[in-house]
Structure formats: C-alpha cells, structure tokens
Amino acid sequence: MEKYIVRVNGKEYEVEVERVDGEMSAAPAQTAAAAPAAPAAPKAAKAEGTEVTSGTAGKVWKIVTKAGDEVKKGDSILILEAMKMEIPVVAAEDGKIAEICVNEGDPVEAGQVVAVLA
C-alpha cells in the first residue's frame, strides 16, 4: 500500500493506493481526521479562447452578458455575491464572449473559469 497526497481545487487529501489483481485501487487513508469528500469539479470550458476566472469564492448573482456579446477590457461579464457584497467579474481584454460557463445561482470557487473570450 502506498500513500499519496492528492490536491483537488486547492484542498489536499491523503489517499492510500493498493494494487489489487494487477490494478491500482484508491481508498481514503486511515488518519485521525478523515478527509472530507472531494468537491465537485468546476464545469470545464468547452470553447477555445481566453479564460475569465473568478477572483473570489461566491455565488453567481447576475450574468450581464451572453455568448456573442462584444466586451471591452474592464467590462463586467457577471456579478458575484460574496458576504452580502456584489463583486463584478470583468474582462481582462477586449473580445467576444464565446461561452458563459456558469448559471445564475451557481456557487463558484476562486480561480474557477466562469467565461471564455474569443
């Protein structure tokens, strides 16, 4: 049995891997504090282009653009709600919205891709 540290969305989990009938099988390591279940992975962007990421964790309050909209550097793409504050997620460059990767009401993590600019 081998122990590994696995990092998922910035959180570390310790796992033990055991070879069973020539195949690897992973199981949570037995530690004093059991690791919590891994959170769901953020929705992956399908479109190619420049990824726009969330600067903070929060909830998508309002989406102010849609696919196909032209944006300028600094324009709001969507607005997050975090600790009762409204935080805009803005375009880092001029471009066209290729995809919005979240829906209103979705929770987001810091660094999660929320839109793609073409």
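Residues numbered from 1 in each chain as written. Predicted model: local features only at pLDDT ≥ 70, side-chain atom pairs only at ≥ 80, totals over all residues. Heavy atoms only, no water.

*Asks:* Explain the side chain of Thr 65 here, please?
*Replies:* As for its placement among the helices and strands, Thr 65 is situated in the loop between strand 5 (58-63) and strand 6 (70-71). Here the side chain of Thr 65 touches Ile 77 through a polar contact of 3.3 Å, landing on its backbone oxygen. Ignoring sequence-local partners within four residues, the contact set of Thr 65 consists of Val 71, Ser 76, Ile 77, Ile 97 and Ile 100. (Helix = DSSP H or I, 4+ residues; strand = E, 2+ residues; numbered from the N terminus. Polar contact = N/O pair within 3.5 Å; in protein donor to acceptor, adjacent residues only side chain to side chain. Contact = heavy atoms within 4.5 Å.)

*Asks:* Before we go on, may I ask you to explain the nonpolar core in this structure?
*Replies:* Nonpolar side chains in soluble globular proteins tend to be buried together. With 15 residues, the main nonpolar core has Val 52, Ile 77, Val 102, Val 114 and Leu 117 as its most contacted residues. Looking at this core, the elements with two or more residues in it are strand 7 (76-82), strand 9 (95-100) and strand 11 (113-117). Among residues more than four places away in sequence, those in contact with Leu 117 are Glu 48, Gly 49, Thr 50, Val 52, Val 71, Ile 77, Ala 91, Glu 93, Lys 96, Ile 97 and Ala 98. (Core = buried A, V, L, I, M, F, W, Y, C linked by side-chain atoms within 4.5 Å. Buried < 20%, exposed > 50% of the residue type's maximum accessible area, 1.4 Å probe, protein only.)

*Asks:* I would appreciate a short explanation of a negative patch on the surface in the present structure.
*Replies:* On the surface, Glu 70, Asp 75, Glu 93 and Asp 94 cluster together to form a negatively charged patch. Turning to its location among the elements, Glu 93 is positioned in the loop between strand 8 (85-90) and strand 9. Residue classification places Glu 93 among the partly exposed residues on the basis of a relative accessible area of 35%. (Patch = residues over 30% accessible without salt bridge, like charges linked within 9 Å, V, L, I, M, F, W, Y side chains within 5 Å. Areas by Shrake-Rupley, 256 points an atom, 1.4 Å probe, with all protein chains shown as cover. Salt bridge = Lys/Arg side-chain N within 4 Å of Asp/Glu carboxyl O. Lys, Arg positive; Asp, Glu negative; His and termini not counted. Charge placed at Lys NZ, Arg CZ, Asp CG, Glu CD.)

*Asks:* Explanation requested: the sheet that holds strand 4 (residues 50-53) in the structure shown.
*Replies:* Backbone-to-backbone hydrogen bonds join strands into a sheet, with any given pair of strands oriented parallel or antiparallel. Strand order across the open sheet formed by four strands is 4-11-9-6, with antiparallel pairing between neighbours. Looking at which strands have only one partner, the edges of the open sheet turn out to be strand 4 and strand 6. By the bridge criterion, two bridges tie strand 6 to strand 9 in an arrangement that is antiparallel. Its bridge partner lying in strand 9, Glu 70 is registered against Lys 96. (Pairing = 2+ DSSP bridges.)

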